[in-house]
Amino acid sequence: MRLTVIGCGYVGLVTGACLAAAGHEVYCTDIDEKRIEQLKAGKVPIYEEHLDKVLKHAVAEKKISYTADAGEAIRVGEVIFICVGTPPKDTGEADLSAIDHVARQIAQEARTPKLVVEKSTVPALTGVQLQKALAAYSQRGSVKFEVASNPEFLREGTAVEDFFHPDRIVVGVENEKSAEVMRQIYAPILERKFHCPVHGGQCPSGTRGELLVTTINSAELIKHASNSFLALKISYANVISDLCERIGADVEEVTHAMGLDPRIGTQFLKAGLGFGGFCFPKDIQAFIHLASSVGVDFDMLKAAERVNKQRIDRFFEKIRKALWVIKGKKVAVLGLAFKANTDDIRFAPALDVIRRLLEEGAEVHASDPQAISRTKPLLPAVTYHEDPYAALKGADAALVCTEWKAFRNIDWSKAGQTMSRRLVIDGRNLYSPKKMHEWGFEYYSFGRL
Ligand SMILES: NC(=O)c1ccc[n+]([C@@H]2O[C@H](COP(=O)([O-])OP(=O)(O)OC[C@H]3O[C@@H](n4cnc5c(N)ncnc54)[C@H](O)[C@@H]3O)[C@@H](O)[C@H]2O)c1
């Protein structure tokens, strides 16, 4: 099938690359012409494991192409995936101006019927507005548009793996014809008819994902409801962690035992600096806004958001208690990305931590395996090091902000010899307190004895 992808960011590129690997012809476009030029030159503008291989293969097989001419991309595709950003406004409401812009382009450029698929995360009822906008902007009343919602559940860091091995694919549609088109698009993924770069073509057998057909409103709600629930879980674990500190219990013992109950599950119960990234913080805000706009009280989400914001304060209490005066101290920050295995720094807790350290007059040295080049323009006052050991040299304290494997594997007995003071404040609970103490470190983490 001929597919158009509008928006070549994390979601658009992974969607385009994986659907091309599944045998479709994919035409990608983006408003950022520089990005399209990069892609044409074979450069992948984001870091996501396996994505470069999948894109390279798709280009070689002539299954994917890039153009800055949105009209050309729109006219050629039978199905159009909208993958543009939906950032939060100051009010928390999702900013849908990019979706509106794309709707106008589709309506004006299409010459043949299109199925227009929302892959961007949007609040419920956006599909209704999109259908209206396509009709209103169309200068050719004869072109027919159908709308569908196909929320994306990939996780940055394992996005290609997630797209190729989904636990569920949700398609919200208006009619059976659109449902059938979406089934055809995803059939090669569900039947594993693609070369899997993650498992070298030998994906483990086991449960395969399911394609669920719903209404458009339900599909939109499923995405926000899922992300908000996971955010709630993280904030819950963080409050338990604060309780553990007050009463002398260990959060990892508590959450591990809780998670063994299959009704609860072990994932997303990790205490620490809290959630960041382009999804949870904005999706929880948009969901709160949506609920309030239709008169539903969703105060529990407001509490989860408040708990998450306070994690930085809690981290700073630990820093201040350990370092006493922050001004003039050399501080090594390990991790900039909002989580491991990505270069994404949007709403990353590390950046808030660094801003506060700089405000208080600390000398900040930072290291991250992938996110330095994205962070540099935003925080030029920081000294950056590819090598974490170089960041730690002469430091009065090390602050761990991202759970990269490279940081998990740091040889602290070696690093400690070059630090000015053996002090680690761990925002991700990466190390064993016992081991760190044996190596002569003052070590503080979240909710542990
Ligand atoms: N990043 C994730 O992990 C993830 C996961 C699931 C869903 N989502 C959702 O998917 C959407 C995209 O997220 P992302 O992380 O890929 O964002 P992104 O910022 O990486 O990518 C968005 C892309 O859209 C382009 N764009 C913006 N306006 C445009 C326009 N009018 N025409 C053409 N291109 C335009 C931008 O230049 C950019 O390349 C968001 O709604 C997000 O909530 C993201």
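Residues numbered from 1 in each chain as written. Predicted model: local features only at pLDDT ≥ 70, side-chain atom pairs only at ≥ 80, totals over all residues. Heavy atoms only, no water.

With that out of the way, let us pick up the packing of helix 9 (residues 216–247) against helix 11 (residues 280–293). Two elements in contact, helix 9 and helix 11, have axes whose closest approach is 9 Å; the angle formed by their N-to-C orientations is 115°. In this structure, the crossing between helix 9 and helix 11 has a hand that is left-handed. Where helix 9 approaches helix 11, its residues Leu 221, Lys 223, His 224, Ala 225, Asn 227, Ser 228, Leu 230, Ala 231 and Ile 234 are matched on the opposing element by Phe 280, Asp 283, Ile 284, Ala 286, Phe 287 and Leu 290. The residue makeup of the contact of helix 9 with helix 11, split by class, is ten nonpolar, three polar and two charged. (Axes fitted to C-alpha atoms, helices over the stretch in contact; angles between N-to-C directions. Helix = DSSP H or I, 4+ residues; strand = E, 2+ residues; numbered from the N terminus. Left-handed = near helix turned anticlockwise from the far one by under 90°. Contact = heavy atoms within 4.5 Å. Nonpolar A, V, L, I, M, F, W, Y, C, P; charged D, E, K, R; others polar.)

On to the nonpolar core. If you look at the biggest cluster of nonpolar residues, it comprises 58 residues, and the most contacted ones within it are Leu 357 and Trp 412. For this core, the element with the most residues is helix 12 (residues 299–323), which contributes six residues. Grouped together as the second largest cluster of nonpolar side chains are 46 residues, Leu 3, Ala 58, Phe 163 and Ile 185 included. (Core = buried A, V, L, I, M, F, W, Y, C linked by side-chain atoms within 4.5 Å. Buried < 20%, exposed > 50% of the residue type's maximum accessible area, 1.4 Å probe, protein only.)

By way of backbone hydrogen bonds, the strands of a sheet pair with one another, either parallel or antiparallel. Here six strands make up an open sheet; going across it, the order is 11-10-9-12-13-14 and the pairing parallel. Two strands lie at the open edges of the sheet, namely strand 11 (383–385) and strand 14 (442–444), each paired on one side alone. Strand-to-strand, the axes of this sheet are offset by a mean angle of 20°, without reference to chain direction. Sheet topology note: the strand 10 (residues 363–367)/strand 11 ladder contains three bridges and is parallel. Within strand 11, the position partnered with Ser 367 by the bridge is His 385. (Pairing = 2+ DSSP bridges.)

The subject of this paragraph is the packing of helix 5 (residues 97–109) against helix 6 (residues 126–137). Helix-helix packing is characterised by the crossing angle of the two axes and by the distance between the axes. For the pair helix 5 and helix 6, interaxial distance at closest approach is 8 Å and the crossing angle is 45°. Here helix 5 is positioned oblique relative to helix 6, judged by the angle of their axes. The hand of the helix 5/helix 6 crossing is right-handed. For the pair helix 5 and helix 6, contact is made by Ile 99, Asp 100, Ala 103, Arg 104, Ile 106, Ala 107 and Gln 108 and by Leu 130, Ala 133, Leu 134 and Tyr 137, respectively. Across the contact of helix 5 with helix 6, the residue classes break down as eight nonpolar, one polar and two charged. (Parallel < 35°, antiparallel > 145°, perpendicular 65-115°, else oblique.)

In this section: the environment of Ser 432. Relative to the helices and strands, Ser 432 is located in the loop between strand 13 (423–426) and helix 18 (433–438). In this structure the C-alpha to C-alpha distance between Ser 432 and Val 44, which are 388 residues apart in sequence, comes to 37 Å.

Bringing the side chain of Ser 149 into the picture now. With respect to the helices and strands, the residue Ser 149 is situated in strand 6 (residues 145–149). For Ser 149, a relative accessible area of 2% puts it in the buried group. Setting aside anything within four residues of it in sequence, one finds Ser 149 in contact with Glu 118, Val 170, Val 171, Gly 172, Ile 216, Ala 219 and Glu 220.

For the rest of this paragraph, the subject is helix 2 (residues 33–40). Of all the positions in helix 2, only Arg 35, Ile 36 and Leu 39 are classed as buried. Viewed end-on, helix 2 has its buried residues packed into an arc of 100°, placing them on one side of the element. Helix 2 presents Glu 33 and Lys 34 as exposed residues on the side facing more than 90 degrees away from its buried surface. Those residues of helix 2 hidden inside the fold are in contact with helix 1 (10–21), strand 2 (25–29), strand 3 (64–67) and helix 14 (372–375). The N-terminus of helix 2 is capped by Asp 32, whose side-chain oxygen sits 3.1 Å from the backbone nitrogen of Lys 34. Downstream of helix 2 by one or two residues, Gly 42 has phi in the positive range, about 85°. (Arc of directions from axis to C-beta. Polar contact = N/O pair within 3.5 Å; in protein donor to acceptor, adjacent residues only side chain to side chain.)

The next point concerns unusual backbone geometry. Positive phi is not limited to glycine here, since Arg 192 has a value of about 55°. Tracing the chain through its elements places Arg 192 in the loop between helix 8 (176–190) and strand 8 (210–214). Phi at Asn 429 takes a positive value of approximately 50°, unusual for a residue other than glycine. Take Asn 429: its relative accessible area is 4%, and that puts it in the buried class.

A complete count under the given rule lists 30 salt bridges for this structure. Across the salt bridge formed by Glu 245 and Arg 314, the nearest N and O atoms sit 2.7 Å from each other. Taken together, the positions of Glu 245 in helix 9 and Arg 314 in helix 12 put the pair 69 residues apart, joining distant regions of the chain. For Glu 245, a relative accessible area of 30% puts it in the partly exposed group. Using a relative accessible area of 12% as the deciding quantity, one classes Arg 314 as buried. Salt-bridge contacts for Asp 299 lead to Lys 302; the nearest nitrogen and oxygen are separated by 3.4 Å. Linking Asp 299 with Lys 302, this pair stays in helix 12, spanning three residues, or about one helical turn. The exposure class assigned to Asp 299 is partly exposed, which follows from its relative accessible area of 45%. (Salt bridge = Lys/Arg side-chain N within 4 Å of Asp/Glu carboxyl O.)

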